[in-house]
Amino acid sequence: MNRTIKTSTILSLFGLLASTQVSALEMLDGYARGGIGSTDWSGAQSCYQLTGTGGKFRLGNECDQYIEVGFKQDFFTLNDGSTMGFYTMPAASNPWNQKLTFDSDDGGYFKWAQAYAYWNNVSALNGGNIWAGRLYYKRKFSYLSDYFYWNQSATGFGLDSVQIGDLKYSYVFSRKDSPFQDNWVTRHDFNVAGFKTNTDGELEVGVNYVDKPSNDADAHSGWSVGLQHVQSGMFGKDIVNTLAFQYGVGPGTGLGYTGDTSLDNDANKWRVVDHGMWTHSPRLQTAYQFVYEKADMNGSADQTWVNLGFRPVYSVTDTFKVSFEAGVDYVDTTTDDMYLGKFTLAPTWSPKGPGFWTRPEVKLYYTYATWNEAARDAAVPGSALSATGPAGGDTHSSTVGIQIEHCW
């Protein structure tokens, strides 16, 4: 009987793999940026970011050489049209004005940002996917500050976009958010997408649960919820707007990430994010961003963060455009009120044509930043805002530089 079962199983597998097609390794996607800059003519560029914020406005304010390249290898295309394969993405970062060591001792790194096996377009899952490994997954972010406010990336496994009716269901079991997380913590994410709210409007909802680590008696479990609505054609204009609400308790205050497991249920955080793109004409587009976040950690960690910024990009010709970015961050803690204003002008060569998203770009930029004394005193020593940084204790500074950016 056992032999019959084993033989039939083997025959079934051979039948499943019949008429399969194995493709060659393919470079699927990638991103790279690099350049050189100087803050207050100090010989090295420092980037402006306010303590207590989730990111920094990025135009003329990125201080690293960075590259990531994704490779895909399809192993089998099965009879039902589904595909099995493997995807990997090495990523490397190195601070500006340093030798290219990509070493953590020098502030850089080389990591396998993604490495996972996949089974895509599975007929039994109504076109859904199965994956296992390390994956960038359902990353909701605002481009202006590269701010990933809702990020379900993980080292684990998951079911992705299983269609039932008009909705798509996803589930992730993970132990680490990223290669940079030191400790293993179990996290569950359940997500439903595809709620049609109105014409050109769609809602996605998610629930996140962070389990209590069994090896830490003082740790706690936590949870969070998130909702995101994407609306095209807002106000009858060519505007694509994204509005997200998030709330978390305990370690769920990571709001999609794995938060601090030492926090109990008395700690909570909520956040509103609104960002989008307004296409005024083929030659003029404006990206915008707003964040309001309030954290009640029952102590000195309580704070409110407000963020507002925009970037219009005007294509003067088919290969030359000008970008201007203005952004303000404000953080109210139990002891201080801190602010940072940052402004950048960037004439840009765009050989592939006009438009906000056209790459590659070669950008010359001038950045000016101003902040208050509370922001200076809270800054990491040696950083751009600190008393020991390039500004030498002043509360304003400027940067000039050149950057090349490309994605494919």
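In what follows, the accompanying structure is described. All values derive from a computational prediction rather than experimental measurement. (Residues numbered from 1 in each chain as written. Predicted model: local features only at pLDDT ≥ 70, side-chain atom pairs only at ≥ 80, totals over all residues. Heavy atoms only, no water.)

Across its full length, the protein chain carries two helices and 20 strands. Summarising its shape, the C-alpha atoms of the protein chain cover approximately 80 × 55 × 50 Å along the three principal directions. Classification of the 408 residues of the protein chain by burial places 47% in the buried group. Partitioning the intrachain contacts of the protein chain with sequence separation of at least 6 by distance along the chain shows that 55% fall at a separation of at least 24. Taken as a whole, the protein chain presents about 19800 Å² of accessible surface, with 60% of it coming from carbon and sulfur. (Helix = DSSP H or I, 4+ residues; strand = E, 2+ residues; numbered from the N terminus. Buried < 20%, exposed > 50% of the residue type's maximum accessible area, 1.4 Å probe, protein only. Contact = heavy atoms within 4.5 Å. Areas by Shrake-Rupley, 256 points an atom, 1.4 Å probe, with all protein chains shown as cover.)

Where strand β1 (residues 26–39) meets strand β2 (residues 64–77), seven bridges bridge the pair, whose relative direction is antiparallel. Pairing of R33 across the sheet is with Y66, part of β2. Relative to strand β3 (residues 83–95), β2 is paired through 11 bridges, and the arrangement is antiparallel. The residue bridging E68 from the neighbouring strand is A91, located in β3. The loop that links β2 with its antiparallel partner β3 comprises five residues; one of these, G81, has a positive phi angle of about 90 degrees. (Pairing = 2+ DSSP bridges.)

This part covers the packing of aromatic side chains. Tallying each qualifying case throughout the model produces 18 aromatic pairs. An angle of 70 degrees between the planes, with centres 5.8 Å apart, marks the rings of Y143 and F356 as edge-to-face. Within this pair, whereas Y143 is found in the loop between β6 (139–142) and β7 (147–151), its partner F356 is found in the loop between β18 (337–349) and β19 (361–371), the two being separated by 213 residues in sequence. One aromatic cluster is present, built from ring pairs that chain together Y87, Y116 and Y118. It is R58 that lies over the ring of Y143; its NZ or CZ is 4.6 Å from the centre. Cation over ring: K140 sits above W150, and NZ or CZ is 5.1 Å from the ring centre. (Phe/Tyr/Trp six-rings, centres within 6.5 Å; stacked < 30°, edge-to-face > 60°. Lys NZ or Arg CZ within 6 Å of the ring centre and 35° of its normal.)

The two faces of a sheet get side chains in turn, since along a regular strand they alternate between them. Pairing geometry for strand β17 (residues 320–333) and β18, over 13 bridges, is antiparallel. Pairing of G327 across the sheet is with K342, part of β18. What sits between the antiparallel neighbours β17 and β18 is a turn of three residues. Where β18 and β19 come together, eight bridges link them in antiparallel fashion. In the strand pairing of β19, G341 is matched with T370.

What follows is about the state of the cysteines. Considering all chains together, one arrives at one disulfide under this definition. Between C47 and C63 runs a disulfide, and the two sulfur atoms are separated by 2.1 Å. The chirality of the disulfide connecting C47 with C63 is right-handed, given an S-S dihedral of about 110 degrees. Of this pair, C47 sits in the loop between β1 and β2 while C63 is found in the loop between β1 and β2, placing the two residues 16 residues apart along the sequence. When its relative accessible area of 18% is taken as the criterion, C47 is described as buried. (Disulfide = S-S within 2.5 Å.)

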